[in-house]
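Chain by chain, the residues:
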Amino acid sequence: MNAPEFQRNIPADSTSPAASDRLAAIASGQVVPADIHAEVRAEDPLIRVEKFNLSYGAKQVLFDVDLPIPRGKVTALIGPSGCGKSTLLRSVNRMNDLIDTVSVSGGIRLTEDDVYGRGVDVIELRRRMGMVFQKSNPFPMSIRENVVYALRINGERNRRVLDSVCEKALRGAALWDEVKDRLDESALGMSGGQQQRLCIARAIAAEPEVLLMDEPCSALDPIATTKVEELILHLRGDYTVLIVTHNMQQASRVSDYTAFMYLGQVVEYGPTVRLFTNPHLKETEDYITGRFG
Amino acid sequence: MSDQQTDESRQSYTGMKFSRKPAMRVLLADRWAGRIITASGIGGILAVSLVGLFLLWVALPLLLPTHVERQAVLPAPSAGTSEAHVLAQALDGYGSMAWSLMSDGRVVVQEMAAGRILEEVSVVGQAPLTSNSSAGNKGVALGFADGTVVLADFAFKLEFLTEADVPDEIKALAPGQSRPWRQGVIARTPEGQLRRQRFALEAQEPVAISDTAVVKVDVTSTGSGYVLAAVDASGTFLYRKLKVRTNMLTGQKHLSSKGSSAQLGEFGLKDPGALAGLKLNDTGREIVLVSRSGRAILLVEYDGEMLLQGTSSLLEGEAVGEARVTAVGYLAGNVSLAVGDSKGRIAIWFPVAGTDGKPSRLVRAHVLEPGPAAVTALAGSGRSRMLAAGFADGTVKVYNVTAERVLGVTDSGGGSVADLAVAPREDRILVGGETAVALLALEAPYGEVSLHTLLGKVWYEGYAGPTYVWQSSSASDSFEPKMSLVPLISGTLKATFYSLLFGLPLAILAALYTSEFLPREQRGRIKPVIEIMASLPSVVLGFLAALVIAPLVEQVAVQVIAVLVLTPACVLLSAHLWQLLPRETAARLEQWRPVAVLLSMALGCAVSWQLGPIFERTLFGGDLKSWLDGQIGSGTPGWVVLLLPLAGMAVGWLNLVYGDGLIRGVGSAWTHRSVALLDLGRFLVSALATVALALFVGWLLDSVGWDPRGSVLGTYVQRNALVVGIAMGFAIIPLIYSISEDALVSVPDHLRAASMGAGATPWQTAVRVVIPPAMSGLFSAAMIGIGRAVGETMIVLMAAGNTPIMDLNIFNGFRTLSANLAVELPEAVKDSTHYRVLFLAALTLFAMTFVLNTAAEGVRLHFRSKTKRL
């Protein structure tokens, strides 16, 4: 792999020599194998990211990423800004295709299907995954139409089906009681937290196999954040959730597994409790304790 | 910081010190910038409103009230001498003198300042005067008791005198002043010249046409002499053509006459005394006889014989038997007949050519507002459709006939009106009353224009019925101007409609394609190219349309229509065939898809080209133009062509409701290929159903007797709405494209991401998520396109044929408001009615674009408020 030149920004006060060695190696463009805990390996993976590389034009942002995502669990991706966690998330449902200059190698498998395989139907693929974005993005339509959007584009017209899905999804997103009396009002009139939960409801209304969340709480106030976090905990078990977050506390609160990424590579990946209390690597500890990042 | 208060003690990090107070320079610049911006803003608004105000300023006099008022009451020419009354009168061009033909055979010339009699000339021959024609520009015919007729020219002669010719009291005249002098009136013109005007009577030798008294007579001059129509006391109708021969030696003129006679009894009239009027038209070949009981007899001369064209009853309804025709007069041009009755009602009649070989008949085209007493005199103006009517109680009413408008009413103060004369400049009216002569001042320069004539149906002279017509000028002076703005407005709307029909879908779909389906970098290349199209001067587009597109489309009209129908069908077909490709192959060939679309479009054009002649043979009887003329074939094929898009939409909708469910129903059970085959089959069935539906509805409409020819389709003209639609479409596409593309691109990407993330296709994303918030922008784009199309001049001027015809026919030309301005404004006489009506047309255009833009802004804001929180 020809690693292009990177802007390296090794923190000056990087602590242990071992830690800085590994990070420095990553920074210098070497591919350093990730430390993946045995517990992760033991799980049944729904998504397998295998030797995945991604470049925006000449700039490579993901290097040989290997990441099994366990079925029915919440997996968090953490790491400093620009480490490629959002890119990785968007690679899973090929949202990066919307950017013209993207090129990939390696693979991502959803169950047995190759996401980047030839002749794969991207539309069908995306219908198997729900996505929640950093900025809440309700459509300029009524709350009801927002929730049932995925069914609508699939051609569903039966009013009863739509209503029941709408209610279930809104209940699932803990929003039903707040909006049940104004389902036909514009979604744009809701508060920021409500809008984000509406987006989650919209994502789960399509019964996806995976829920991809890209920093879902970064634009929310603490109360709304709490509600969304409770929601994620509530969804655990039914859904496989892959969440990107900047907020380490959030990762520790909501996730079962956490992967720490740095400059396009996974550094350590293990059960959240282990990673936050007793990580294998010094680098992980440094990052989690806030010594760099 | 605690040490902020003291500047000295404060630390400066940069080593610079800045004043906390803004510098004077900044304040001044700020203030001046504010003022300049305010002033230029107000200036901009002012400039726009000034344009509107200027147009209004020029057009407004058209709608200002008109009036007639009595300027002077002068002693009657007969005062004190006899009971003679006025038979005919005329006023000179300056309103300074007038002649009156009296019933005792005198012609009395009066000056108009005090009514002094300047001159008296007698025209009495061997016998008393018994009849006369009205004073017009063709001379006056005088009929006498001995059966002779004298043709006389009553005129005012002008001469300019030198100072040496006149006495001192005349020399003292200031410019503008005038005074009677030696049987005439002398005036000093504003240029200082001395202008003398006097009456001149030039009579021909008497022509004997009968043995008994001539009771009615009328004359007209033709190229070779005069034509005379008369009725004598014995009830004989006399028609004579007079030739003038001038003796080369003596200079004497000699009249030779020949002609025919007929008994009034042949036309159902017995008593010559019951005749109210006899009128001869300008050609000298049509005569109208009007009886007091309201019967009108239309005679036409053919090969020296008088043929009865028809009779009409001029007094209709309840008045027959009670009312009597009391006055008959011609309007300018001597075609329209004004008929006044004893109840004060006035109607305008003129002959309308019969259709299918039927003789022409008189129709009552206008009914004017009645007066208070019996109509006693009617006089048309020599230069417009103005009619002055005098009533038995001395009232004078002035009308404009075209506009059916009363220009003014006044009491002449001279008792029952015997005769009227409108001055040549239409600024005065001379009223010969029983007891006095009144001079009325008339102020109605734009009498022929009213809201009704501008926007309503008007029955113009010679037309079969009321219509909207724009015909502002003609070769003859006595022509009736037809100034309906409706054909121009409809032409403007027609141009706009057809160019939008062509340009709007293309432009908006193109914008949708580049913004939603093309990679960003390609979009960046395409947009400027399309925008360059906007800089193509419209005159270039215009001559391309007129000299290249129009002749080409004329040759291959069927092919062009076929292209419009078959190309989309071909693209759809190839899309369905594309689905048949295995998934992997399709994914691999994805980047070639636009090429495939282009190829299928080219294929559609080629197929249309090949099939065009076959269509022409099978559908349009081998010749589209004859078919359009309605000469051959039935209306069904036309309906099919018109209904195909509608039928396509209907079938497409049915497909959406039922067909999609079918495809989804088989869903996962079938292989990709069989689903694609099923879809292809569905498409083919839908296409057949579309044609069948169009055919069936077309046949149904045709069998009901409704033929599209004559409304949306019709006679083919080379410069037509289709050509303009194509050319102007090209002009508005870049405009609409550019604005709609901006609107679509400005929809935030996170909405697209959300939709794509939910598994929507790019098309679903575009339709459901991108278009609704961009609607305000798309709407603005369409409105700006409409604004451009409404105001566009050069393209329509060159390619629309400029025929102010009002119809929907896509194959016919039209004239728009803007093209009309470009064509006619350079020729319009400044401050004439025509000139001002053109300004009114400009104002209408201004108002149309203003209303369109305002409505567009309103709708845009409405859409905007729905999505502004995005």
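Within every chain, residues take consecutive numbers counted from 1 along the sequence as written. For naming, the first written chain is A and the first written ligand is 1, with later ones following in the order written. Whole-chain, interface and lining totals are the exception, using all residues; otherwise, since this is a predicted model, local features are given only for residues with pLDDT of at least 70 and side-chain atom pairs are given and counted only at 80 or more. Side-chain descriptors were evaluated using all non-hydrogen atoms of the structure, hydrogens and water having been removed beforehand.

Chemist: Explanation requested: the overall build of chain A in the structure shown.
Modeler: Starting at the N terminus, helices and strands are each numbered in turn, a helix being any DSSP run of H or I of at least four residues and a strand any DSSP run of E of at least two. Regarding its fold elements, chain A presents 13 helices and 11 strands. The atom set for the radius of gyration is the C-alpha atoms, and the globule formula is 2.2 Å times the number of residues raised to the power 0.38. Computed over C-alpha atoms, the radius of gyration of chain A comes to 19 Å, within 12% of the 19 Å expected from 2.2 N^0.38 for 293 residues, which places it in the range of a compact globule. Along the longest, intermediate and shortest principal axes, the C-alpha atoms of chain A span 60 × 45 × 35 Å. Residue burial in chain A is summarised as follows: out of 293 residues, 58% are buried. Residues are treated as being in contact if the distance between any of their heavy atoms lies within 4.5 Å. Long-range pairs, those at least 24 residues apart, make up 70% of the contacts in chain A between residues at least 6 apart in sequence. Residue-level accessible areas treat just the shown protein chains as cover; the underlying method is Shrake-Rupley with a 1.4 Å probe. Approximately 12000 Å² of chain A is accessible, and the part contributed by carbon and sulfur atoms is 48%. Note that His is not counted, nor are the chain ends; the positive residues are Lys and Arg, and the negative ones are Asp and Glu. To locate a charge, the coordinates of NZ of Lys, CZ of Arg, CG of Asp or CD of Glu are taken. The centroid of the 34 positive side-chain charges in chain A is displaced by 3 Å from the centroid of its 39 negative side-chain charges. Buried residues are those whose accessible area, probed at 1.4 Å on protein chains only, stays under 20% of the maximum for their type, while exposed residues exceed 50% and partly exposed ones sit between those limits.

Chemist: Explain the sheet that holds strand 11 (residues 265-271) of chain A to me, please; I cannot follow it from the model alone.
Modeler: All names here are of chain A. In space, the seven strands of this open sheet follow the order 1-11-10-4-9-8-7, with mixed pairing throughout. Where the open sheet ends on each side, the last strands, each with one partner, are strand 1 (35-36) and strand 7 (129-132). Those strands touched by helix 9 (residues 192-205) are strand 7 and strand 8 (210-214), and its axis lies near 170 degrees from that of strand 7. In this analysis, strands are considered paired if DSSP registers two or more bridges between them. Angles here are taken between N-to-C directions and fall from 0 to 180 degrees, while the axes themselves are lines fitted to C-alpha atoms, restricted in helices to the stretch in contact.

Chemist: Honestly, the confidence of the model for chain B in this entry has me stumped. Any pointers?
Modeler: Detailed reading of the predicted coordinates is not advisable wherever pLDDT is low. Confidence per residue, as judged by the predictor, is encoded in pLDDT with a range of 0 to 100. Taken over all residues, the pLDDT of chain B has a mean of 86, while the share at 70 or more is 96%. Across the whole predicted complex the pTM is 0.84, and at the interface the ipTM reaches 0.85.

Chemist: Which parts of the structure should I look at to understand the packing of aromatic side chains?
Modeler: We describe a pair of aromatic rings using the distance from one ring centre to the other and the angle between the two ring planes. Between the rings of Phe, Tyr and Trp (Trp by its six-membered ring), a pair exists once the centres lie within 6.5 Å; its type follows the angle of the planes, with under 30 degrees stacked, over 60 edge-to-face, and the other angles tilted. According to the stated counting rule, one finds 19 aromatic pairs over all chains in the structure shown. Ring centres of Phe-139 of chain A and Tyr-149 of chain A lie 4.4 Å apart, and the angle between their planes is 50 degrees; this geometry places the pair in the tilted category. Of the two residues, Phe-139 of chain A sits in the loop between strand 7 and helix 5 (143-147) while Tyr-149 of chain A sits in helix 6 (residues 149-153), which places them 10 residues apart along the sequence. For Phe-139 of chain A, a relative accessible area of 0% puts it in the buried group. By relative accessible area, which is 1% here, Tyr-149 of chain A ends up buried. Considering the side-chain rings of Trp-99 of chain B and Phe-199 of chain B, the 6.3 Å spacing of their centres and the 50 degrees angle between planes classify their relative orientation as tilted. With Trp-99 of chain B in strand 3 (residues 97-102) and Phe-199 of chain B in strand 11 (residues 194-203), this residue pair connects regions lying 100 residues apart in the sequence. Each member of the aromatic cluster is reached from another via a ring pair, and the members are Trp-99, Phe-154, Phe-156 and Phe-199 of chain B.

Chemist: What am I meant to see in the packing of helix 4 (residues 486-517) of chain B against helix 13 (residues 721-745) of chain B here?
Modeler: The axes of two packed helices give the description: the angle between them and the distance between them. Residue and element names in this part refer to chain B. Contact geometry of helix 4 with helix 13 gives a least axis separation of 6 Å together with a crossing angle of 35 degrees. Regarding helix 4 and helix 13, the two cross each other, and that crossing is right-handed. Each residue gets one of three labels, nonpolar for Ala, Val, Leu, Ile, Met, Phe, Trp, Tyr, Cys and Pro, charged for Asp, Glu, Lys and Arg, and polar for the others, Gly among them. Within the contact of helix 4 with helix 13, the residues separate by chemical class into 21 nonpolar, seven polar and three charged. Left-handed describes a crossing whose near helix is turned anticlockwise from the far helix by less than a right angle; the clockwise case is right-handed.

Chemist: Where do I start with the interface of chain A and chain B in this structure?
Modeler: Accessible area lost when the parts come together is the quantity often used to give the size of an interface. Across the contact, 31 residues belong to chain A and 31 residues belong to chain B. Buried area: the accessible area, evaluated with a 1.4 Å probe, that two parts lose upon being put together, summed over both parts. Taken over both partners, the interface formed by chain A and chain B buries close to 2500 Å², and the fraction arising from carbon and sulfur atoms is 59%. The term salt bridge refers to a side-chain nitrogen of Lys or Arg lying within 4 Å of a carboxyl oxygen of Asp or Glu. Applying the counting rule to chain A against chain B returns zero salt bridges. Pairing of N or O atoms within 3.5 Å defines a polar contact, subject to two protein rules: one partner must be a possible hydrogen donor and the other a possible acceptor, and residues neighboring in sequence count only if both atoms are side-chain atoms. For the pair chain A and chain B, the number of links is six residue pairs in polar contact (both at pLDDT 80 or more).

Chemist: Can you help me understand the pairing of strand 2 (residues 86-91) of chain B in this one?
Modeler: Each regular strand displays side chains that alternate between the two surfaces of the sheet. Residues and elements named next belong to chain B. Burial analysis of strand 2 places five of its six residues in the buried class, the great majority of the element. Bridge count between strand 2 and strand 3: five bridges; the pairing is antiparallel. Note on strand 3: the bridge partner recorded for Ala-88 is Leu-101. In sequence, strand 2 turns back onto strand 3 through a hairpin of five residues, with Gly-95 there showing a positive phi of about 70 degrees.

Chemist: What exactly am I supposed to notice about helix 15 (residues 762-791) of chain B here?
Modeler: Residues that lie three or four places apart on an α-helix share one face, since the helix turns once every 3.6 residues. Along its 30 residues, helix 15 of chain B runs just 37 Å from first to last C-alpha, ending more than 12% under the 44 Å computed at 1.5 Å per residue. Here the bend at each residue means the angle between axes fitted to two seven-residue stretches, the one ending at that residue and the one beginning there. Where helix 15 of chain B bends most, at Met-775 of chain B, the angle is about 60 degrees. Helices are assigned an expected span. That span is 1.5 Å times one less than the residue count.

Chemist: Got a minute to help me understand the packing of helix 14 (residues 749-757) of chain B against helix 15 of chain B in this structure?
Modeler: Residues and elements named next belong to chain B. The interhelical angle for the contact between helix 14 and helix 15, taken along N-to-C directions, is 145 degrees, at an axis separation of 10 Å. At the point where helix 14 passes helix 15, the crossing takes the right-handed sense. Contact with helix 14, carried on its side by Leu-751, Arg-752, Ser-755 and Met-756, involves Pro-762, Thr-765, Val-769, Val-770 and Pro-773 of helix 15 and no other residues of that element. Among the residues forming the contact of helix 14 with helix 15, the class breakdown is six nonpolar, two polar and one charged.

Chemist: Sorry if this is basic, but what is going on with the pairing of strand 11 of chain A here?
Modeler: Residues and elements named next belong to chain A. Taking burial as the measure, the seven residues of strand 11 include seven buried ones, the bulk of the element. Of the pairings in the sheet, the one linking strand 1 to strand 11 comprises two bridges and is parallel in character. When the sheet's bridge partners are listed, Ile-36 is paired in strand 11 with Tyr-269. Where strand 10 (residues 257-262) meets strand 11, six bridges bridge the pair, whose relative direction is antiparallel. The residue bridging Thr-258 from the neighbouring strand is Gly-270, located in strand 11. Where strand 10 hands over to strand 11, the hairpin turn is made up of two residues, of which Leu-263 adopts a positive phi near 50 degrees.

Chemist: Looking at this structure, how should I read helix 7 (residues 557-580) of chain B?
Modeler: Residues and elements named next belong to chain B. With 24 residues, helix 7 ought to run about 34 Å at 1.5 Å a step, and its terminal C-alpha atoms sit 35 Å apart, in line with that. When the local axis directions of helix 7 are compared, the greatest deviation, roughly 30 degrees, occurs at Val-563. Along helix 7, the positions that sit buried rather than exposed are Ala-557, Val-558, Gln-559, Val-560, Ile-561, Ala-562, Thr-567, Cys-570, His-576, Trp-578 and Leu-580.

Chemist: How do you make sense of the sheet that holds strand 19 (residues 295-302) of chain B when you look at a structure like this?
Modeler: Picture the strands of a sheet paired through backbone hydrogen bonds; they go either parallel or antiparallel. All names here are of chain B. Strand order in the open sheet formed by four strands is 17-18-19-20, with antiparallel pairing between adjacent strands. Only two strands of the sheet have a single partner each, and these edge strands are strand 17 (275-280) and strand 20 (305-313). Looking at each pair of strands side by side, their axes are set apart by 20 degrees on average, direction ignored. Judged from the five bridges that link them, strand 17 and strand 18 (residues 286-291) form a sheet pairing that is antiparallel. What sits directly across from Leu-278, in strand 18, is Leu-289.

Chemist: Help me understand empty space enclosed by the protein, please; the structure alone is not making it clear to me.
Modeler: A water-sized probe rolled over the atoms picks out the places where empty space is left. A cavity, in this analysis, means grid points on a 1 Å lattice covering only the protein atoms where a 1.4 Å probe fits yet has no way out; a pocket is instead an open set bounded by protein on both sides within 12 Å along at least five of seven lines, and a residue lines either one if it has an atom within 4 Å of a point. Grid points are joined across faces, edges and corners, and a volume is the space filled by probe spheres set on the points. As enumerated under the stated definition, the model contains two cavities of 30 Å³ or more in all. Looking at the largest cavity, its volume works out to about 110 Å³. Forming the walls of the largest cavity are 14 residues, and the residues nearest its centre are Met-131, Arg-202 and Ala-203 of chain A together with Gly-757 and Ala-758 of chain B. Breaking the lining of the largest cavity down by element, the ones donating at least two residues are helix 4 (122-127), strand 7 and helix 9 of chain A together with helix 14 of chain B. When the residues that make up the lining of the largest cavity are grouped by side-chain class, the tally is nine nonpolar, two polar and three charged. Its boundaries defined by the atoms lining it, the second largest cavity holds a volume of some 40 Å³. As for the second largest cavity, its lining consists of Thr-402, Glu-448, Val-449, Thr-453, Tyr-460, Pro-481 and Met-483 of chain B. Here the residues of the lining of the second largest cavity sort into four nonpolar, two polar and one charged.

Chemist: Got a minute to help me understand the pattern of salt bridges in this structure?
Modeler: Side-chain pairing between opposite charges can occur once the charged atoms of the two side chains come close. Residues and elements named next belong to chain B. Counting across every chain of the model gives 53 salt bridges over all chains. A salt bridge links Arg-196 to Glu-159, with the shortest nitrogen-to-oxygen separation between them at 2.4 Å. Of this pair, Arg-196 sits in strand 11 while Glu-159 is found in strand 8 (residues 148-161), placing the two residues 37 residues apart along the sequence. Judged by relative accessible area, Arg-196 falls into the buried class, the value being 11%.

Chemist: What is the right way to look at the side chain of His-834 of chain B in this model?
Modeler: Residue and element names in this part refer to chain B. With respect to the element layout, His-834 can be found in helix 18 (residues 833-867). For His-834, a relative accessible area of 12% gives the class buried. At a separation of 2.8 Å, a polar atom in the side chain of His-834 contacts the side chain of Glu-824.

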